[in-house]
Amino acid sequence: MANPCRKLLFNIYMGFYCSIIMPKMCICSQFSMSSTDPFNKDPRAFPIATNGEPFPWNKLRLPSMIIPLHYDLLVHPNLTSLDFVGFEKIEVLVRDATQFIILHSKDLEVMNVILQSEEDLRYRKPGKKLNVLSYPAHQQIALLVPEKLMADLRYSVAINFQAKLANGFEGFYRSTYRTRGGKTRIIAVTDFEPTEARMAFPCFDEPLFKANFSIKIRRESGHIALSNMPKVKTIELEGGLLEDHFETTVKMSTYLVAYIVCDFNSVSGTTSSGVKVSVYASPDKWSQTHYALEASLKLLDFYENYFDINYPLPKLDLIAIPDFESGAMENWGLITYEETSLLFDTKTSSASDQLWVTKVIAHELAHQWFGNLVTMEWWNDIWLNEGFATYMELISVNATYPELQSDDAFLDVCFAVIKKDSLNSSRPISNQAETPTQIAEMFDAVSYNKGACILNMLKDFLNEEKFHKGIIYYLKRFSYGNAKNDDLWSSLSNSCLGDFTSGEFCYSDSKMTSNTVTRLPGENVEVKEMMTTWTQQKGIALVVVTREGRSLRLQQERFLSGVFKEDPEWRALQERYLWHIPLTYSTSSSNVIHRHVLKSRTDTLELSENTSWVKFNVDSNGYYIVHYEGHGWDQLITQLNQNHTLLRPKDRLGLIHDAFQLVSAGRLTLDKALDLTRYLQHEASIPALLKGLEYLELFYHMMDRKNVSDVTENLKHYILRYFKPVIDTQSWSDKGSVWDRMLRSTILKLACYLNHAPCIQKATELFSQWMESSGKLNIPSDVLKVVYSVGAQTTVGWNYLLEQYGLSMSGAEKKKILYALSTSKHQEKLMKLIELGMEGEVIKTQELSLLLYAIARNPKGQQLSWNFLRENWTHLLKKFDLGSYAMRMIISGTTSHFSSKDELQEVKLFFESLKAQGLHLDIFQIILETISKNIKWLEKNLPTLRTWLLVSS
């Protein structure tokens, strides 16, 4: 699932980037939970069902004495009454004798349950009606059987059920869209990950309980039905209804089941291996589906070749859903997307929009193998799905769309999570999660971004060939099954030169003979031993390098942002943290990449020759931060100023990132980090240029929100003067490479925000022409956000943009308009936007989290959004689940930019009031720590920033 992403989203709205088939495992061996019959225990130890009787199971996880084999599911949604009825037959295997069956069920009315044994089915006996107990706190129902179910026998459970179509974004829910003619249409769509299949049909809703699904959907003739598999036939029923029957699925987890009833149109193509790929959208947006089809065909061909495993299904559908909370969801054979994550409008989609759409498609297609074919055993290892899918974006997009230069964007994936992982409130990649809320919180930057970054680090350490062989082995060995961390490490360790059986770690010959790599002897490091240090403990390592002549003294610590070495708590927060760090480094003397594994707290390396500087973490492939004690930073800054091209572009980018992170930990002074950016006037690498600009812009917005007018004014003048050559050479067009275009979007947006007169003049001119053309003028897509933002500063322009927002059929354009509207300096306009987002008609409710985030960054909106969150908490909980991505983003977006003690106290009191109500999220502590860090940063660095700007002016 693409979260950013609940998927972690590549935040276009804010302009950020914010197998050999083994025999199938014995089905019995996959389940190891206790099967003791709880009726033999003290009944007082068990909860009470809704009817007052004892409920026979007291755990959140389902018992293992019964496992599903096959679901025969019939669903009929009524798009007029907005409800649905369903009927299912679940074939189960009894592993241990029992007198009950526990299933997941949430907000479903179970009307009738019939149990049939194999004998009943053989002789067509009617079966036995079962009593049903419900325990909503665990989202479980118990089916009580009159006689014990016998071990090693199969039974069939037939269940009739009904419910309302959900009003949110989970389970089986309703979505609406407005046609170009202004009519509202309703569709029914599913979204089950991680724990919402139970909202659509009673089931064994855990990833380990894989089964086959035969699905039938009833619909009216004006709609179509889609599901995971191709349709095999349609039956006409009385009253004009149609019933579509779909092929039986492969063995899969419940969260991957999907079905949709809609009136969409599609465009189709076929891969080189014969898989039919179709992209669906509402009729008025059909013209925006063609790029997604092209990308999907290319990427699916790439993955089949790369994984050496054919896509397992005969078809693949991708569909743009009007109401969708996350970026996308990887349902096997029927991938659902938020519209801006799939549709591409040639008139209004920018270069960053194209990169985003391509990456999300690549992410979800990677899931068809990582996640769908091989699924984690439990949600504590969701990173095996999401980290791999995020990593495969890098590999696949580089191979299929090299012109998008996505490799240069990958470092931002790592930099984004380092900001969170450097807080004490972070968590390990593999983390305990039991409740649905805890599971939902696992879909975060740690699972996605950090997971991808440690995989990239491991690939760099092993080499591409060995890593590639290892993941192929992993996928083939665990196909249609479940896996855990150790299974991955074992697969990567055992892929030595094609030998999957030795269990011994080695390097390929090509690695050992490379003249660009040097290794110290005895470094055949065990993969599991190394990688466990990255998945089982939270945080990120800091490598401190002290040079004395040709000796390099190395020391590793836990990097903590906002906690200084002199703070009393610093030492305690360092205890028990130790990583096996695959270090790389280069020097001024040669192009050789040196490698060393730092397994101890301290170590020493000897350089073979004199050198003017040493740079660790070559190309920033390692997930760690480097600090150069003594004169190390001065030597690197000198080199950047003399001839920055002697350092690799990614090394320059990494230096800028590390320097400013070290400032936040009190290990480097702010003026030293700012001095590092002075060479940027000569920088030809746009990613490095944008990284330096990003920090300066961050400081400007921080000062602007704090109303530190002297610093704000001086920083504004410095940016406009220092980057004037770059600003002045920008054309208001869509010409150039992807990075040329992204630089143009970023720097013109900042220049206009800083009231740079030529920028304001040009944007105003284009906006006026656009209004005069009644919105028909095609403004270059890369400058649309800039033009709209300038136009939104007048009442006439703001009102016109809001009107055009309602009329636009382009999701990419709507995002740009909404951002522009959120930059207004008038609070009543900002409040109107929030109200429209809550109503969900003009502005979809799914946009509310991004909208509040944007408004909170506006100095005129920061208090407004915070007050709104507190005053409307109950209403927000009715729209979004507590642990959902949207709710977490709303909470974080409205609070994490605060930087005063009074604001910290307000937020702390609010969170304490929620905890008193039994509501708790891990993000509460992250936000409190972030605000504390902001306060500390200002106290320590504001005087330095003020002085540095005065000296630089």
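Every value quoted in this text rests on a predicted model; they were computed, and no experiment measured them.

Definitions and cut-offs
- Residues numbered from 1 in each chain as written.
- Predicted model: local features only at pLDDT ≥ 70, side-chain atom pairs only at ≥ 80, totals over all residues.
- Heavy atoms only, no water.
- Salt bridge = Lys/Arg side-chain N within 4 Å of Asp/Glu carboxyl O.
- Helix = DSSP H or I, 4+ residues; strand = E, 2+ residues; numbered from the N terminus.
- Pairing = 2+ DSSP bridges.
- Core = buried A, V, L, I, M, F, W, Y, C linked by side-chain atoms within 4.5 Å.
- Buried < 20%, exposed > 50% of the residue type's maximum accessible area, 1.4 Å probe, protein only.
- Contact = heavy atoms within 4.5 Å.
- Polar contact = N/O pair within 3.5 Å; in protein donor to acceptor, adjacent residues only side chain to side chain.
- Axes fitted to C-alpha atoms, helices over the stretch in contact; angles between N-to-C directions.
- Parallel < 35°, antiparallel > 145°, perpendicular 65-115°, else oblique.
- Nonpolar A, V, L, I, M, F, W, Y, C, P; charged D, E, K, R; others polar.
- Expected span 1.5 Å × (residues − 1).
- Disulfide = S-S within 2.5 Å.

Caption draft 1: Representation of the pattern of salt bridges within the structure. Applying the stated criterion to the full structure yields 44 salt bridges. A salt bridge links D412 to K691; the nearest nitrogen and oxygen atoms lie 3.0 Å apart. Within this pair, whereas D412 is found in helix α5 (residues 410-421), its partner K691 is found in helix α16 (residues 686-706), the two being separated by 279 residues in sequence. One continuous salt-bridge network, built from bridges that share partners, spans E557, K565, E629 and R667.

Caption draft 2: Region of interest: the pairing of strand β16 (residues 265-270). Bridging between β16 and strand β17 (residues 276-281) involves six bridges; their strand directions are antiparallel. Residue pairing in the sheet places N265 in a bridge with A281 of β17. In sequence, β16 turns back onto β17 through a hairpin of five residues, with G274 there showing a positive phi of about 95°.

Caption draft 3: Main features of unusual backbone geometry. With an omega of 0°, the peptide bond between E193 and P194 qualifies as cis. For P194, the position within the fold is in the loop between β10 (184-191) and β11 (212-219). In the Ramachandran plot, N463 falls in the positive-phi region, its phi being about 110° despite a non-glycine side chain. Its place among the elements puts N463 in the loop between α7 (445-462) and α8 (464-477). Of note in the backbone geometry, D619 takes a positive phi value of approximately 60° without being a glycine.

Caption draft 4: Structural detail: the nonpolar core. F201, Y259 and F616 are the most contacted members of the largest nonpolar core, which totals 320 residues. Top contributing element to this core by residue count: helix α30 (residues 923-952), with 13 residues. Those residues in contact with F616, other than ones at most four positions away along the chain, are V545, L552, L554, L583, T584, Y585, L605, V626 and Y628.

Caption draft 5: Fine view of the pairing of strand β15 (residues 259-262). Alternating positions in β15 separate into two faces, Y259 and V261 on one and I260 and C262 on the other, with burial throughout. Of the pairings in the sheet, the one linking strand β12 (residues 224-227) to β15 comprises four bridges and is antiparallel in character. Bridge assignment links S227 to a residue of β15, and that residue is Y259.

Caption draft 6: The arrangement of the side chain of T98 in detail. For T98, the position within the fold is in strand β3 (residues 98-104). T98 sits in the buried class, given a relative accessible area of 0%. A distance of 3.2 Å separates the side chain of T98 from the backbone oxygen of F100, its partner in a polar contact.

Caption draft 7: How the structure looks around the packing of α5 against helix α14 (residues 649-664). Viewed as axis vectors pointing N to C, α5 and α14 meet at an angle of 10°, and their least axial separation amounts to 12 Å. Here α5 is positioned roughly parallel relative to α14, judged by the angle of their axes. Contact residues: L411, F415 and I418 in α5; K650, L653, G654, H657 and Q661 in α14. Class assignment of the residues belonging to the contact of α5 with α14 gives a composition of four nonpolar, three polar and one charged.

Caption draft 8: Representation of the side chain of S396 within the structure. For S396, the location among the structural elements is in helix α4 (residues 383-400). Classification of S396 by relative accessible area gives buried; the value is 0%. In this view, S396 contacts L299, F302, Y303 and A362; residues no more than four positions away in its chain are not counted.

Caption draft 9: Main features of the environment of L720. For L720, the position within the fold is in helix α17 (residues 709-722). A residue is classified by how much of its surface remains accessible, and L720, at 12% relative accessible area, is buried. Remark: the alpha-carbon pair of L720 and A751, spanning 31 residues in sequence, is separated by 7.0 Å. Once you skip the residues sitting within four places of it in the chain, L720 turns out to touch I727, A751, L754 and H756.

Caption draft 10: Structural context of helix α23 (residues 811-822). Between its terminal C-alpha atoms α23 stretches 17 Å, which fits the 16 Å expected from twelve residues at 1.5 Å a residue. All of the buried residues in α23 are G811, A812, E813, K814, K815, K816, I817, L818, Y819, A820, L821 and S822.

Caption draft 11: Main features of the state of the cysteines. Inspection of every chain in the model, using the stated rule, returns two disulfides. Each sulfur in the disulfide pair C414 and C453 lies 2.0 Å from the other. Measuring handedness by torsion sign, the sulfur bridge of C414 and C453 sits at about -110° and is left-handed. Here C453 lies in helix α7 and C414 lies in helix α5, a separation of 39 residues in the sequence. For C752, the disulfide goes to C759, at an S-S distance of 2.0 Å.

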